[in-house]
Amino acid sequence: MAEELPVELHESIDRLAEKGNALMEMGSFAEAEAAFREGLELLPPPLERWSATLWFLSSMGDAQWLAGAHDRGIDTWRDALLYGGLGNPFVHLRRGQTLYELGEQEEAANELFRALLIAGEEIFETEPEIYWQFITTVAKPPEGIPSWNGFPGIDEDSPLNAWLHDPNQYAFLPKDKG
């Protein structure tokens, strides 16, 4: 369970989060990323203690995504998974999209499939159609379901959902040293 931050630190972090959000709304993604990074850097170690860690990493990753900075975003989304984002459909969605844009189709399919299984078709509704087309082309729907259209996501109480949230069942492909 995440701990509570001291009040003064919490207020400073909230101000940076609000600043980053306002910059995102203005389309100033690089500046928003910097505000989110500043907030993340205020968190005392170990970062696993704070729910704000995942929030700031996801916000940074989203700013990088919207700016088209996929080369930076890939590491941010990996960190988001490591700091509590495993099983978070938005984290899997954005990481999958980033991998897709970097040409890592196999790993992209794994992440987008996780997002689809956890959150269903709905998570793709406001995203560019290319990602829905990609995942529904490479992943077959479960037996008895004719297509992914209208798929609501798996039941939260299902063994598959538990498996999708189990860090022992998740593996990163080695980072390319290229």
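Bear in mind that the values here come from a model prediction, so they are computed numbers and not experimental data. (Residues numbered from 1 in each chain as written. Predicted model: local features only at pLDDT ≥ 70, side-chain atom pairs only at ≥ 80, totals over all residues. Heavy atoms only, no water.)

Peer 1: Let's hear about the packing of aromatic side chains: which residues, and what values?
Peer 2: As enumerated under the stated definition, the model contains ten aromatic pairs in all. Measuring from centroid to centroid gives 5.4 Å for tyrosine 100 and tyrosine 131, while their planes differ by 80 degrees, and the two rings are edge-to-face. Of this pair, tyrosine 100 sits in helix α5 (residues 89–101) while tyrosine 131 sits in helix α7 (residues 129–138), and the two are 31 residues apart along the sequence. With a relative accessible area of 18%, tyrosine 100 lands in the buried category. Cluster of aromatic residues (ring-pair linked, three or more members): Trp65, Tyr100, Tyr131 and Phe134. (Phe/Tyr/Trp six-rings, centres within 6.5 Å; stacked < 30°, edge-to-face > 60°. Helix = DSSP H or I, 4+ residues; strand = E, 2+ residues; numbered from the N terminus. Buried < 20%, exposed > 50% of the residue type's maximum accessible area, 1.4 Å probe, protein only.)

Peer 1: I'd love a proper account of the side chain of glutamine 97, names of residues and values included.
Peer 2: Within the secondary structure layout, glutamine 97 lies in helix α5. By relative accessible area, glutamine 97 is classed as buried at 0%. At 3.0 Å, the side chain of glutamine 97 and the side chain of glutamate 127 are in polar contact. Ignoring any residue separated from it by four or fewer positions in sequence, one finds glutamine 97 in contact with Trp65, Leu112, Glu127 and Tyr131. (Polar contact = N/O pair within 3.5 Å; in protein donor to acceptor, adjacent residues only side chain to side chain. Contact = heavy atoms within 4.5 Å.)

Peer 1: If you had to explain the nonpolar core to someone new, which residues and values would you point to?
Peer 2: With 24 residues, the main nonpolar core has Leu43 and Phe56 as its most contacted residues. Sorting the residues of this core by element identifies α1 (7–26), α2 (29–42), α3 (51–67) and α4 (70–85) as the ones contributing at least two each. The element that contributes the greatest number of residues to this core is α3, accounting for six residues. Not counting chain neighbours up to four residues away, the residues in contact with phenylalanine 56 comprise Ile13, Ala17, Phe36, Gly39, Leu40 and Leu43. Core analysis: the second largest hydrophobic core is formed by 23 residues, Trp65, Leu99, Ile123 and Ala139 among them. (Core = buried A, V, L, I, M, F, W, Y, C linked by side-chain atoms within 4.5 Å.)

Peer 1: An account of α7 is needed here, citing residue identities and associated values.
Peer 2: Tyr131, Trp132, Phe134 and Ile135 are the residues of α7 that are buried. For α7, the buried positions fall inside an angular range of 165 degrees around the axis, keeping them on one side. Elements in contact with the buried residues of α7: α3, α5 and α6 (105–119). (Arc of directions from axis to C-beta.)

Peer 1: I'd like a description of the packing of α5 against α7, backed by residues and values.
Peer 2: Put simply, α5 and α7 touch, their axes get as near as 11 Å, and they point 90 degrees apart. By the criterion of interaxial angle, the relationship of α5 to α7 is roughly perpendicular. Residues Gln97, Tyr100 and Glu101 of α5 form the contact with α7, whose participating residues are Ile130, Tyr131 and Phe134. (Axes fitted to C-alpha atoms, helices over the stretch in contact; angles between N-to-C directions. Parallel < 35°, antiparallel > 145°, perpendicular 65-115°, else oblique.)

Peer 1: I'd like a description of the environment of glycine 20, backed by residues and values.
Peer 2: Its place among the elements puts glycine 20 in helix α1. Overall, glycine 20 belongs to the buried group, its relative accessible area being 0%. When the C-alpha atoms of glycine 20 and glutamate 31 are compared, they prove to be 7.4 Å apart, with eleven residues separating the residues in sequence. Contact partners of glycine 20, with chain neighbours within four places excluded, come to Ala32, Ala35 and Phe36.

Peer 1: Help me get a handle on a negative patch on the surface, residues and values and all.
Peer 2: A surface patch of like charges, here negative, comprises Glu8, Glu11, Asp14 and Glu18. What makes glutamate 8 exposed here is its relative accessible area of 66%. (Patch = residues over 30% accessible without salt bridge, like charges linked within 9 Å, V, L, I, M, F, W, Y side chains within 5 Å. Areas by Shrake-Rupley, 256 points an atom, 1.4 Å probe, with all protein chains shown as cover. Salt bridge = Lys/Arg side-chain N within 4 Å of Asp/Glu carboxyl O. Lys, Arg positive; Asp, Glu negative; His and termini not counted. Charge placed at Lys NZ, Arg CZ, Asp CG, Glu CD.)

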